[in-house]
Amino acid sequence: MKLNYKTTLLIFTLTFISNVAFAQAKEIKIEFLGNCGLYMTDGVTNIYTDFPYKSGAHGYMEFEASELDSIKENSVFIFTHKHADHYSKKNLKRVMKEKGGQEFGVSNIADLEALGETVDDFEIKAFKTAHKVFGISFKHYSYLITWHGKSIYLSGDTTIPTTIGEIKNIDLAFIPYWLYSNAKTQNITIDAKEIGIYHLYPAEIEPAEKLFKDKENQFPLTEKGKIIRLDLQTN
């Protein structure tokens, strides 16, 4: 087949972009944004989980409105549920109007689990997990992301440790303290190389810092902006 100049240039450009994307995926960088909010990137795809939420909702962490301006264009937004300390329809609408993007959560789980068809070396599995407030059950999902061979578990607000207890060899698990505590009480092992304790109430921050001070590979997320890196390089 004879290729003209424009076709050859297009193929070269697409190949170059693909190679650059592969070269950039040397790590997964995760930034803590408050509550259960995280920003994850492999240098190509940008994913936000449980962010944007409503700043200060239910007495939890606040953020400046300017932080919405720093959200990357055409990002993926994934939500465990739609309580205000995890999700803000108003803030998300503003961001997506200005910057585009895709929203996933309790109403389109099948679409979320198909995300690997468009995101390189990515898979996400959703688990329907319990979340009750004052005895009322709310639709809630926890997620296991496998990205470039690294597994990341996002518990959201669930209090029941059974699901995470059934998953083996997690690289990094993000869970609230109540799930961590319940797992210990119920003798359920969390098989994770690292555990980040998120969604701390302001009064819980200082006690959490003391409790986890000497724990290896377990750390409380007490300050927005903390960076966690998962190295993708192999020897």
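A brief look at the structure comes next. Because the structure is predicted, anything quoted here is derived from the model rather than measured.

**Observations regarding the side chain of Ser-88**
(1) Moving on: Take Ser-88: it is sitting in the loop between strand 4 (76–78) and helix 3 (89–99).
(2) Moving on: Contact partners of Ser-88, with chain neighbours within four places excluded, come to Pro-52, Tyr-53 and Lys-54.

**Quick notes on the packing of aromatic side chains**
(1) Moving on: This model, assessed by the stated rule, comprises twelve aromatic pairs.
(2) Moving on: Ring centres of Phe-51 and Tyr-53 lie 5.5 Å apart, and the angle between their planes is 85 degrees; this geometry places the pair in the edge-to-face category.
(3) Moving on: On the accessibility criterion, Phe-51 (2% relative accessible area) is buried.
(4) Moving on: For Tyr-53, a relative accessible area of 0% puts it in the buried group.
(5) Moving on: Chaining the aromatic ring pairs together yields one cluster made of Tyr-39, Tyr-48 and Phe-77.
(6) Moving on: The ring centre of Phe-219 lies 5.4 Å from the NZ or CZ of Lys-226, which sits over that ring.

**Some words on the environment of Asp-231**
(1) Moving on: With respect to the helices, strands and loops of the structure, Asp-231 is situated in strand 14 (residues 227–231).
(2) Moving on: For Asp-231 and Lys-150, which are 81 residues apart along the polypeptide, the C-alpha to C-alpha distance reads 9.0 Å.
(3) Moving on: Those residues in contact with Asp-231 that lie beyond four places of it in its chain are Lys-26, Glu-27 and Lys-150.

**Some points on helix 6 (residues 177–185)**
(1) Moving on: Looking at helix 6, one finds that the buried residues are Leu-179, Tyr-180 and Ala-183. Buried positions in helix 6, seen along its axis, are confined to an arc of 100 degrees and lie on one side of it. Summarising the geometry of helix 6, the exposed residues directed more than 90 degrees from the buried face are Lys-184 and Thr-185.
(2) Moving on: At its buried positions, helix 6 is contacted by helix 5 (162–165), strand 11 (170–175), strand 12 (192–197) and strand 13 (218–220).
(3) Moving on: Looking one or two residues beyond helix 6, the residue adopting positive phi is Asn-187, at roughly 55 degrees.

**A word on the pattern of salt bridges**
(1) Moving on: Summed over the entire model, instances satisfying the criterion amount to seven salt bridges.
(2) Moving on: For the salt bridge of Asp-69 with Arg-94, the shortest nitrogen-to-oxygen distance reads 2.7 Å. Of this pair, Asp-69 sits in helix 2 (residues 66–69) while Arg-94 sits in helix 3; the two residues are 25 residues apart in sequence, bridging distant segments of the chain.
(3) Moving on: A salt bridge links Asp-171 to Lys-193, with the nearest nitrogen and oxygen atoms 3.1 Å apart. Here the residue Asp-171 occupies a position in strand 11, and Lys-193 occupies one in strand 12, the gap between them amounting to 22 residues.
(4) Moving on: For Lys-193, a relative accessible area of 48% gives the class partly exposed.
(5) Moving on: Residues joined by salt bridges that share partners form a network here, namely Asp-69, Arg-94 and Glu-98.

**Re unusual backbone geometry**
(1) Moving on: Each neighbour pair has its own omega, and for Phe-51 with Pro-52 the value is 5 degrees, a cis peptide bond.
(2) Moving on: Mapped onto the elements of the fold, Pro-52 is located in the loop between strand 3 (46–49) and helix 2.
(3) Moving on: Its identity is not glycine, yet Asn-74 carries a phi of approximately 55 degrees, on the positive side.
(4) Moving on: Mapped onto the elements of the fold, Asn-74 is located in the loop between helix 2 and strand 4.
(5) Moving on: With a phi angle near 55 degrees, Asn-187 is a residue other than glycine that sits in the positive phi range.
(6) Moving on: Under the relative-accessibility criterion, Asn-187 is labelled exposed at 71%.

**Regarding the sheet that holds strand 6 (residues 122–128)**
(1) Moving on: Pairing within the open sheet is mixed, and its six strands lie in the order 6-9-10-11-12-13. Looking at strand neighbours, the two that pair on one side only are strand 6 and strand 13, the edges of this open sheet. Direction aside, neighbouring strands of the sheet carry axes that sit 15 degrees apart on average.
(2) Moving on: Where strand 6 meets strand 9 (residues 141–147), seven bridges bridge the pair, whose relative direction is antiparallel. Looking across to strand 9, one finds that Phe-127 is bridged to Ser-142.
(3) Moving on: In the packing of helix 6 onto the sheet, contacts are made with strand 11, strand 12 and strand 13, and the angle to strand 11 comes to roughly 115 degrees.

Reading the values: rules and limits
- In every chain, residue numbers begin from 1 and rise along the written sequence.
- Side-chain atom pairs in this predicted model are given and counted only at pLDDT of 80 or more, local residue features only at pLDDT of at least 70, and totals for whole chains, interfaces and linings cover all residues.
- Derived side-chain values reflect all non-hydrogen atoms in the structure, with water molecules and hydrogen atoms excluded from consideration.
- Secondary structure elements follow DSSP: runs of H or I of four or more residues count as helices, runs of E of two or more count as strands, with numbering from the N terminus.
- Between two residues, a contact is recorded if the distance between any of their heavy atoms is within 4.5 Å.
- Each pair of aromatic rings taken from Phe, Tyr and Trp, with Trp reduced to its six-membered ring, is defined by centres within 6.5 Å and is described as stacked if the planes are under 30 degrees apart, edge-to-face if over 60, and tilted in the remaining cases.
- Each residue's exposure class comes from its accessible area (1.4 Å probe, protein chains only) as a fraction of the maximum for that residue type: buried when under 20%, exposed when over 50%, partly exposed otherwise.
- A positively charged side chain is recorded as over a ring if its NZ (Lys) or CZ (Arg) lies within 6 Å of the ring centre. The angle to the ring normal must also be within 35 degrees.
- The directions considered for the arc run from the helix axis to the C-beta atoms.
- The salt bridge criterion pairs a side-chain nitrogen of Lys or Arg with a carboxyl oxygen of Asp or Glu, the two atoms within 4 Å.
- A pair of strands is treated as paired once DSSP finds two or more bridges between them.
- Axis definition: a line fitted to C-alpha atoms, limited for helices to the stretch in contact. Angles are taken between N-to-C directions and run from 0 to 180 degrees.

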